[in-house]
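Summary of structural features
Each chain, written out:
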Amino acid sequence: MMTGKRLIVSAVVLALVQIGFLSWIIAGRAAILRDGRQVLLRVEPVDPRDLLRGDFIRLGYEISQIPVKLIANVPAGKLSSDDTSIVVRLKQGADGYWEATTAWFGKAPAPAASDEVDIVGQVAEGWDLSAATSITPEYGIERFYLPEGEGIAIQNDMRVRPFGIRVAIAKDGTAQIKALMDGDKTLFEEPLY
């Protein structure tokens, strides 16, 4: 009899822990979208469909190709590992899009100025940084899911006119996609929750 009550109490506690963990993840994402510094990145389409998840656009950015010469602290003969993080400092260009100005492995030596922002990415394993001319970090903003049936049309439009992604970047460099832009027009905006 006592074992049944313990089982019920354990199940309730486990459910509350799971709900709390999921709420923490959602609140963290919402905090970045609400309070993060907004930047506009120029995008290029890569792929419009995922059979299991529906339409999406796989996005490539100008900051997806970082020239090794832009990285201020590349040690001689260094190979990247699967845990190599990179901080890329962005500054807004004359056209309104943000561009990479410099980068560092690990941490930036000084905070970004008021007209700059740092985005943190991960560099895949195996880059020979002494021989490569550029590397391709991932920032966690490489996919944007769309309503069913709209991926191919938007991908085709991206090939003929400029599109951008408005990104919110937290103080720690974590990025979240906030909106898909067609020129100055907002096509889709991510809800906070």
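Figured I'd write up the structure that's included with this text. (Residues numbered from 1 in each chain as written. Predicted model: local features only at pLDDT ≥ 70, side-chain atom pairs only at ≥ 80, totals over all residues. Heavy atoms only, no water.)

Notes on the overall build of the chain
In terms of regular secondary structure, the chain is built from two helices and 12 strands. What you see in the chain, going N to C, is helices and strands ordered as α-β-β-β-β-β-β-β-β-β-α-β-β-β. Here the chain holds 193 residues, and the buried ones make up 38% of them. The contacts in the chain between residues at least 6 apart in sequence include a share of 65% that link residues at least 24 apart. (Helix = DSSP H or I, 4+ residues; strand = E, 2+ residues; numbered from the N terminus. Buried < 20%, exposed > 50% of the residue type's maximum accessible area, 1.4 Å probe, protein only. Contact = heavy atoms within 4.5 Å.)

Observations concerning the pairing of strand S6 (residues 98-105)
Pairing of strand S5 (residues 84-92) with S6 involves seven bridges; the strand directions are antiparallel. Bridging across to S6, Gln92 finds its partner in Trp98. Count of turn residues in the S5/S6 antiparallel hairpin: five residues, of which Gly96 carries a positive phi of about 95°. (Pairing = 2+ DSSP bridges.)

Details of the layout of surface pockets
Reported here for the largest pocket is a volume of approximately 380 Å³. Forming the walls of the largest pocket are 19 residues, and the residues nearest its centre are Asp118, Ala170, Lys171, Asp172 and Gly173. Contributions of two or more residues to the lining of the largest pocket are made by helix H1 (2-35) and strand S7 (116-123). Grouping the amino acids of the lining of the largest pocket by side-chain chemistry returns 10 nonpolar, three polar and six charged. Quantified by volume, the second largest pocket comes out at close to 280 Å³. In terms of lining, the second largest pocket is formed by 16 residues, of which the most central are Gly140, Ile141, Arg143, Gln176 and Ile177. Only strand S9 (143-145) and strand S11 (175-182) provide two or more residues apiece to the lining of the second largest pocket. (1 Å grid on protein atoms, 1.4 Å probe; cavity = no way out; pocket = protein on both sides within 12 Å on 5 of 7 lines; lining within 4 Å. Points joined across faces, edges and corners; volume = space filled by probe spheres on them. Nonpolar A, V, L, I, M, F, W, Y, C, P; charged D, E, K, R; others polar.)

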